[in-house]
Amino acid sequence: MTGLIFDMDGVIVDSNAMHRAAWVVFNRRYGLETTEEMHQWTFGKRNDQIVRHYFGDGIDAREAEARGRAKERLYREMAAGRTEEMLVPGLRAFLERHSDLPMAVGSNAEPENVAFVLEETGLRGYFHVVVDGHQVHHPKPHPDVYLRGAELLQTEPANCIVFEDSPSGVAAALAAGMRVIGLRTTYGNLPGAVLTIDNFLCGDLEPWLQAQLRSV
């Protein structure tokens, strides 16, 4: 059976603007102004990687983790009550149409953020499996998150279709041997994606997916 695996930020919720705002506020606590280049570097990365990139490798693992958690608490405070408006258009109807398929979330995000989004939006029940970047040794762009998702779904990687919005996420899914549908919420060009869409209302999505389901 075909399994569907969804990244979270940029795929389930278009959260980039909120994360950017949270990083600006958080970094100013340490006297650091956040540049556009810094923002761009964050996409598809885990928080401990971002913190070290921003503040230097001199920060030890415990401090990097603590600062990452603090930034995400700020993000959740800023996003509380707004997750419904952050949902990528068409997602809820898409999940309902395909609720008979095994579906998973595979994200580098903090586990508290994943739980926050799924609970606030009421989408948790659609997903049989949730894998975050802290459940595996290597986050994206390594394939571990997606391979673990496929394992828990009891679906062969070749039968999994991943929805991603970043080059590192696409790289992770391809390295796992999966097909990728790219969402242009973050990047306009996602090499390696078999189909690129603006959101789940795209008219090309359903015909393509039905063709894949018939071929299994």
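This text goes with the structure placed above it.
Since this is a predicted model, take the numbers as computed values, not measurements. (Residues numbered from 1 in each chain as written. Predicted model: local features only at pLDDT ≥ 70, side-chain atom pairs only at ≥ 80, totals over all residues. Heavy atoms only, no water.)

Participant: Would you mind going over the packing of aromatic side chains in detail, with residue names and values included?
Facilitator: Each aromatic ring pair is specified by the distance between its two centres and by the angle formed by the two planes. Within the structure shown, the criterion is met by 11 aromatic pairs. With 6.2 Å between their ring centres and 40° between their planes, Phe6 and Phe200 make a pair best called tilted. Separated by 194 residues along the polypeptide, Phe6 in strand E1 (residues 3–6) and Phe200 in the loop between strand E6 (195–197) and helix H10 (205–215) bring together distant segments of the chain. Geometrically, the ring pair formed by Phe94 and Phe200 is tilted, given 5.2 Å between the ring centres and 40° between the ring planes. Here the residue Phe94 occupies a position in helix H6 (residues 91–97), and Phe200 occupies one in the loop between E6 and H10, the gap between them amounting to 106 residues. One exposure class covers both Phe94 and Phe200, and it is buried. Members of the aromatic cluster, joined through ring pairs, are Phe6, Phe94, Phe127, Phe163 and Phe200. Lying across the ring of Tyr30, Arg67 places its NZ or CZ 4.1 Å from the centre. Lying over the aromatic face of Phe55, Arg67 brings its terminal NZ or CZ to 4.7 Å of the ring centre. (Phe/Tyr/Trp six-rings, centres within 6.5 Å; stacked < 30°, edge-to-face > 60°. Helix = DSSP H or I, 4+ residues; strand = E, 2+ residues; numbered from the N terminus. Buried < 20%, exposed > 50% of the residue type's maximum accessible area, 1.4 Å probe, protein only. Lys NZ or Arg CZ within 6 Å of the ring centre and 35° of its normal.)

Participant: Outline the pattern of salt bridges, supporting the account with residue identities and numerical values.
Facilitator: Applying the stated criterion across every chain, the model contains 12 salt bridges. Lys71 is the salt-bridge partner of Glu72, the closest N and O atoms lying 3.0 Å from each other. Here Glu72 matches Lys71 in class, with each residue buried. For Arg184, the salt bridge goes to Asp198, with nearest N and O atoms at 2.8 Å. Here Arg184, found in the loop between strand E5 (179–183) and E6, pairs with Asp198, found in the loop between E6 and H10; they are 14 residues apart in sequence, far enough to count as distant. One connected set of salt bridges, linked through shared partners, spans Asp7, Lys140 and Glu164. (Salt bridge = Lys/Arg side-chain N within 4 Å of Asp/Glu carboxyl O.)

Participant: Run through helix H3 (residues 47–55), naming residues and quoting values.
Facilitator: Within H3, the full set of buried residues consists of Asn47, Asp48, Ile50, Val51 and Tyr54. The buried side chains of H3 occupy one side of the element, clustering within an arc of 160° when seen end-on. (Arc of directions from axis to C-beta.)

Participant: Break down the pairing of strand E3 (residues 129–132) for me, with residues and values.
Facilitator: Of the strand pairs in this sheet, strand E2 (residues 103–107) and E3 are connected by 4 bridges, and their pairing is parallel. Bridging across to E3, Val105 finds its partner in Val130. Since E2 and E3 lie parallel, the crossover through helix H7 (residues 111–121) that links them has a hand, and here it is right-handed. (Pairing = 2+ DSSP bridges. Right-handed = clockwise from strand over helix to strand, strands pointing away.)

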